[in-house]
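Spelled out, the chains give:
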Amino acid sequence: MPNNSPAYPLLPFSRLVYEAARWLPSVYTFPFTYIWKDGAKDKERIEQAVRAALANHPVFRMRVDWRGRHYASPLRDIMHGPYHDVEITTAGADALIHMRASRILGDAKSFEILLDDIRRAYHGEPLEPDDYWEYVASYEHYKSTPHYLSSRDWLLSEFADSSVPVRPLIDRRCLTTLFPPKAGLSKAGYSDLQEKIARLADTYYLSMDGFFSLCAALAIADYCGTDEAALTWAYEGREKPTEQRIFGSLHRDVPFYIRKSLIENRESAIRQARNQIRSGIAHSDYPYTLTPPYNKRWNYAVNVLRVPDMEYEVDCAYALLDVEIHEHADNLSLWFRYSATHYRTSSIRRFAALVRQYAEWLVE
């Protein structure tokens, strides 16, 4: 380890990626393309901005040792590292920033932060510091505190013995396969409900994540013919001011549970979902769904997540089924990214229709 850099365990989600890459190295590596409108004439300036933004985030200079511990290490070229490659090309009047990156580096919010830093650097604005290594060190210390251990105990008491479905029934019986998963994508527009969902959020203090987690969990229960269902949703975290500009796996994978027999009306369904969101966040410091042996079950759960507002492509999906929330000023849609190895298109459309049915019921 150069310069006697201290080595720390990977953050929980990065650790999951590290372990999964042992048998399917490409599954957690994604290509992104940022489209810089009318940027072809400024290609060199844009490249300088990209280099400055990458250099501002320590995670792009990390390496991982054989024990799964990571440490800082200098790079010959910040555009190319063990877990990322960046190239800038042009297409007509536009500049294209192509980036291939492993999710071991960070979460979806991280790439939004990076894009913002590229724009700031381009305009000559100062970049805020990224305290990644300070965060990792403090997290390691926090893991021995009573609050962290109490969160673990609460999550185990709530979910460890649960056998409720966490995804729609798959069309292929075996979850494992010798072949990498084939990616599928189905999109559903929700712009016609966007204002109603926003009003519901303001009235009942239920976030967009909570709203669609509720819809998806109820859809899973209907699809599987059960009274109960569960899933996970991606909580952004970054609760402290010093965490706002960190590129890293700071998001938390939070379990969400719903029981239909406790629902008397729309308000009671919203109340149950709101309680799940709040209690989930309160105990999310312990990575229950990412921790063995529980991750064997939750790795295959539906995951509800927001994605940053950017142009990108994904070659393949590691999850069986992700429900992505794409929200813009005048547009709202859900993208169902799924393993076509395990689900037929018709099955995903059936599940998506159930999600839509519950969304309409909640905002009526």
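**Quick look at the sheet that holds strand E11 (residues 303–306)**
The strands that make up a sheet are held in pairs by hydrogen bonds between backbone atoms, and each pair lies either parallel or antiparallel.
And then number 1: An order of E8-E13-E12-E11-E9-E10 is seen for the six strands of this open sheet, with the pairing classed as mixed. At either end of the open sheet lies a strand with only one pairing partner, and these are strand E8 (183–189) and strand E10 (252–259). Direction aside, neighbouring strands of the sheet carry axes that sit 25° apart on average.
And then number 2: Inspection of the sheet shows strand E9 (residues 228–235) paired to E10 by eight bridges, in the antiparallel sense. From the neighbouring strand, Ala 229 faces E10, where its bridge partner is Ile 258.
And then number 3: The sheet contacts of helix H7 (residues 208–224) involve E9, E10, E11, strand E12 (321–328) and strand E13 (331–339), and relative to E9 the element is tilted by about 150°.

**Considerations on the packing of H7 against helix H10 (residues 345–363)**
And then number 1: In the contact formed by H7 and H10, the axes pass within 8 Å of each other and the chain directions differ by 125°. Considering their axes alone, H7 and H10 lie oblique with respect to each other. The two elements H7 and H10 cross, and the hand of that crossing is right-handed. Contacts between H7 and H10 involve Phe 211, Leu 214, Cys 215, Ala 216, Leu 218, Ala 219, Ile 220, Asp 222 and Tyr 223 from the former and Ser 347, Arg 350, Phe 351, Leu 354, Val 355, Gln 357, Tyr 358, Ala 359, Leu 362 and Val 363 from the latter.
And then number 2: Tallied by class, residues from the contact of H7 with H10 come to 15 nonpolar, two polar and two charged.

**Section: the packing of aromatic side chains**
And then number 1: Applying the stated criterion across every chain yields a total of 22 aromatic pairs.
And then number 2: Measuring from ring centre to ring centre gives 5.9 Å for Phe 159 and Trp 298, while their planes differ by 90°; the resulting arrangement is edge-to-face. Note that Phe 159 is positioned in helix H5 (residues 146–159) and Trp 298 in helix H9 (residues 295–298), a separation of 139 residues in sequence. There is no split in this pair, since Phe 159 and Trp 298 are both buried.
And then number 3: Taken together through their ring pairs, the aromatic side chains of Tyr 135, Tyr 139, Tyr 142, Tyr 148 and Tyr 286 make up a single cluster.
And then number 4: For the cation-ring pair, Arg 297 lies above Trp 298, with the distance from its terminal atom to the ring centre recorded as 5.4 Å.
And then number 5: In this arrangement the basic side chain of Arg 356 is found over the ring face of Tyr 190, its NZ or CZ atom lying 5.1 Å from the centre.

**Topic: H7**
And then number 1: When the terminal C-alpha atoms of H7 are compared, their 24 Å separation across 17 residues agrees well with the 24 Å that a helix rising 1.5 Å per residue should span.
And then number 2: Counting buried residues along H7, 16 of its 17 residues qualify, which places the element largely inside the surrounding structure.
And then number 3: Looking one or two residues beyond H7, the residue adopting positive phi is Gly 225, at roughly 70°.

**Some points on the confidence of the model for the chain**
And then number 1: For the chain, the mean per-residue pLDDT works out to 91, and 93% of the residues sit at or above 70.
And then number 2: This model gives residues 313–317 a pLDDT under 50, and the stretch forms 16 contacts once residues within four places in sequence are excluded.

**As for the nonpolar core**
And then number 1: In this structure, Val 50, Leu 54, Phe 60, Ile 97 and Met 99 are the most contacted members of the largest nonpolar core, which totals 58 residues.
And then number 2: In terms of nonpolar packing, the next biggest core, distinct from the first, is built from 51 residues, Ile 220, Ala 229, Ala 273 and Leu 332 among them.

**So, the pairing of strand E6 (residues 84–91)**
Side-chain direction in a regular strand flips from residue to residue, so the side chains alternate between the two faces of the sheet.
And then number 1: Across two bridges, strand E5 (residues 80–81) lies against E6 in antiparallel orientation. Within E6, the residue paired with His 80 across the bridge is Asp 85.
And then number 2: Relative to strand E7 (residues 94–102), E6 runs antiparallel, the two being bridged by eight bridges. Bridge assignment links Asp 85 to a residue of E7, and that residue is Arg 100.
And then number 3: Turn length for the E6-E7 hairpin, with the two strands adjacent in sequence and antiparallel, is two residues, and the turn residue Gly 92 shows positive phi of about 65°.

**Overview of the environment of Ser 347**
And then number 1: Mapped onto the fold, Ser 347 is located in helix H10.
And then number 2: Between the alpha carbons of Ser 347 and Val 304 there is a distance of 18 Å; along the sequence they are 43 residues apart.
And then number 3: Excluding residues that lie within four positions of it along the chain, Ser 347 makes contacts with Asp 171 and Tyr 223.
And then number 4: At 2.8 Å, the side chain of Ser 347 and the side chain of Asp 171 are in polar contact.

**Considerations on unusual backbone geometry**
And then number 1: With an omega of 0°, the peptide bond running from Pro 292 to Pro 293 counts as cis.
And then number 2: Following the sequence through the fold, Pro 293 ends up in the loop between helix H8 (266–282) and H9.
And then number 3: The phi angle at Asp 38 is positive, at roughly 55°, despite the residue not being glycine.
And then number 4: Relative to the helices and strands, Asp 38 is located in the loop between strand E2 (29–36) and helix H2 (43–55).

Calculation rules
- Residues numbered from 1 in each chain as written.
- Predicted model: local features only at pLDDT ≥ 70, side-chain atom pairs only at ≥ 80, totals over all residues.
- Heavy atoms only, no water.
- Pairing = 2+ DSSP bridges.
- Helix = DSSP H or I, 4+ residues; strand = E, 2+ residues; numbered from the N terminus.
- Axes fitted to C-alpha atoms, helices over the stretch in contact; angles between N-to-C directions.
- Contact = heavy atoms within 4.5 Å.
- Parallel < 35°, antiparallel > 145°, perpendicular 65-115°, else oblique.
- Left-handed = near helix turned anticlockwise from the far one by under 90°.
- Nonpolar A, V, L, I, M, F, W, Y, C, P; charged D, E, K, R; others polar.
- Phe/Tyr/Trp six-rings, centres within 6.5 Å; stacked < 30°, edge-to-face > 60°.
- Buried < 20%, exposed > 50% of the residue type's maximum accessible area, 1.4 Å probe, protein only.
- Lys NZ or Arg CZ within 6 Å of the ring centre and 35° of its normal.
- Expected span 1.5 Å × (residues − 1).
- pLDDT = per-residue confidence, 0-100.
- Core = buried A, V, L, I, M, F, W, Y, C linked by side-chain atoms within 4.5 Å.
- Polar contact = N/O pair within 3.5 Å; in protein donor to acceptor, adjacent residues only side chain to side chain.

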